[in-house]
Amino acid sequence: MPILEHDGQVHNPLGGASYVFEEDIVKWLSKQLTKNKVRISIGAQPNSSPHFGTLTVFSLAFALAEKIKSETNKDAEVLFEVIDTAPAESKTIDDVRYQLSLRDTGVADQYLGQYHELLEKLMSLTNVAYIVRKQSDFNKQPTISNILKEVSAKKDALARILDPDNEKLRMRVACQKCGLTDKHSINTVIEPQGIKSFCPEHGWFETSFENSDVFEYNTPLRNLIRAIAYSIDNQNNELEYEWLRVTGSDYAGFYQEQMLYKPASLLGYKAKDLPMIIYAPLITDWSGAKLSKSLYVKQGAYKYLPSYVVNFEHFRNKFGELGIENLFNEVKLWVEQPYRLFRGYSVYYFMDLFNDGK
Ligand SMILES: [Zn+2]
């Protein structure tokens, strides 16, 4: 259902980063990276079949790793951070919102198979190895306890930036008996050595920062803690790899400047030591807004579009493995000719690409 006729011409006008990195980004990247191995981080909440944004972010990570391996003397691999602590269900008890996570409800396991399938396919196309890490493994790292202590020492200043609504630092621990978690950290007390949490069924419980593996965060706080952990790894010469992050463009700009670089600086970490972030172009609907899987699932949005654009299962069923290869080859061009990387794409562009837009 075209909303307007167009001439089919694709323009890539230069500006900002596309002007600077018009023909190359990988050689520039390799000069910034100091170790011989690069670990490219990607993340997703496995709350449904992967959506188009996940497909492009994952493809970009593998395309980038492939090119780093072939054009520099460095090795590269991909690490998928599974955000299995994200909410699957929520309920209100005594006016407080509690959530049950994707992990504790088993929802994560239900969808992880499709993520593995996608990762396997991308590995077979690029010969780039990948690792999958759950939140408890991320939090188990020896650097995390100390980061949590540093965050708790600056909790008020950080909360004002990271949670403009309630000014609460959204750090929490699920009740180990029933899994209920204080979503907005309303009854959670952050202390210098740990936190006190309240379960409406099982009462108060305390968790030391030393037991960091059970901690959970909302997205902005997790983004900050992860970047600091990567930054410490990057400067640790005993670790053979250094981190690079690939994520969606909806996190670029104001979000990272205010929610990551400023808070990291408040904690004493230098912007120059934080991991580089490469943003995948945003895929937009007819109006220029990001194509949202959750609007499609929860509110029946995008009835005018074929469902494969928001659902990996439908995409794979319609176009098969060749479809994934076509999509990957398009994303590969973003790395080959980076003037294609620093821009957005409408969903109609991709429908044309799959010969389905006319
Ligand atoms: Zn409980």
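Notes on the structure in this doc start here. (Residues numbered from 1 in each chain as written. Predicted model: local features only at pLDDT ≥ 70, side-chain atom pairs only at ≥ 80, totals over all residues.)

**Concerning helix α8 (residues 155–162)**
Inclusion rule: Here a residue counts as buried when 20 or more other C-beta atoms sit within 10 Å of its C-beta, as exposed when there are 12 or fewer, and as partly exposed otherwise, the C-beta atoms being derived from the backbone. A run of H or I in DSSP counts as a helix once it spans at least four residues, and a run of E counts as a strand once it spans at least two, with each numbered from the N terminus. For this quantity, the arc is that covered by the directions from the helix axis to the C-beta atoms. Contact definition: two residues whose C-beta atoms, as placed from backbone geometry, lie within 7 Å.
Every buried residue of α8 is listed here: Leu158, Ala159 and Leu162. Projection of α8 onto a plane perpendicular to its axis shows the buried side chains occupying an angular sector of 100 degrees, all on one side. For α8, exposure combined with an orientation more than 90 degrees from the buried face picks out Asp156 and Arg160. Where α8 is buried, its residues meet α7 (144–153), α9 (219–235) and α10 (254–266).

**Quick look at the sheet that holds strand β10 (residues 203–208)**
To keep things clear, this is the line we draw: Pairing between two strands is assigned when DSSP locates at least 2 bridges connecting them.
Read from one edge of the open sheet, three strands run β8-β9-β10, paired in antiparallel fashion. Edge positions in the sheet fall to β8 (189–190) and β10, since each has one partner strand and no second.

**Digging into the environment of Leu33**
Along the chain, Leu33 turns up in the loop between α2 (26–32) and β1 (37–44). When the C-alpha positions of Leu33 and Tyr241 are compared, they lie 9.9 Å apart, and in sequence the two are 208 residues distant.

**What about the nonpolar core?**
Here is the rule: When buried Ala, Val, Leu, Ile, Met, Phe, Trp, Tyr and Cys residues are joined through C-beta atoms within 7 Å, the set is termed a nonpolar core.
Counting 82 residues, the largest nonpolar core has Ile40, Leu60, Ala61, Leu64, Ala65, Val78 and Val246 as its most contacted members. At eleven residues, the largest contribution of residues to this core is made by helix α3 (residues 52–71). Residues in contact with Leu64, not counting those within four places in the same chain, are Ile40, Val246, Ile278 and Val335.

**A look at α10**
Residues lying three or four places apart along an α-helix face the same way, a consequence of the helix completing one turn every 3.6 residues. We apply this condition: Here a helix's expected span is defined as the number of its residues, less one, multiplied by 1.5 Å.
A rise of 1.5 Å per residue sets the reference length of α10, with its 13 residues, at 18 Å; its end C-alpha atoms lie 17 Å apart and thus fit the reference within 8%. Each element contacted by the buried residues of α10 is listed here: α8 and α9. Trailing α10 by a residue or two, Gly268 shows a phi angle of about 90 degrees, which is positive.

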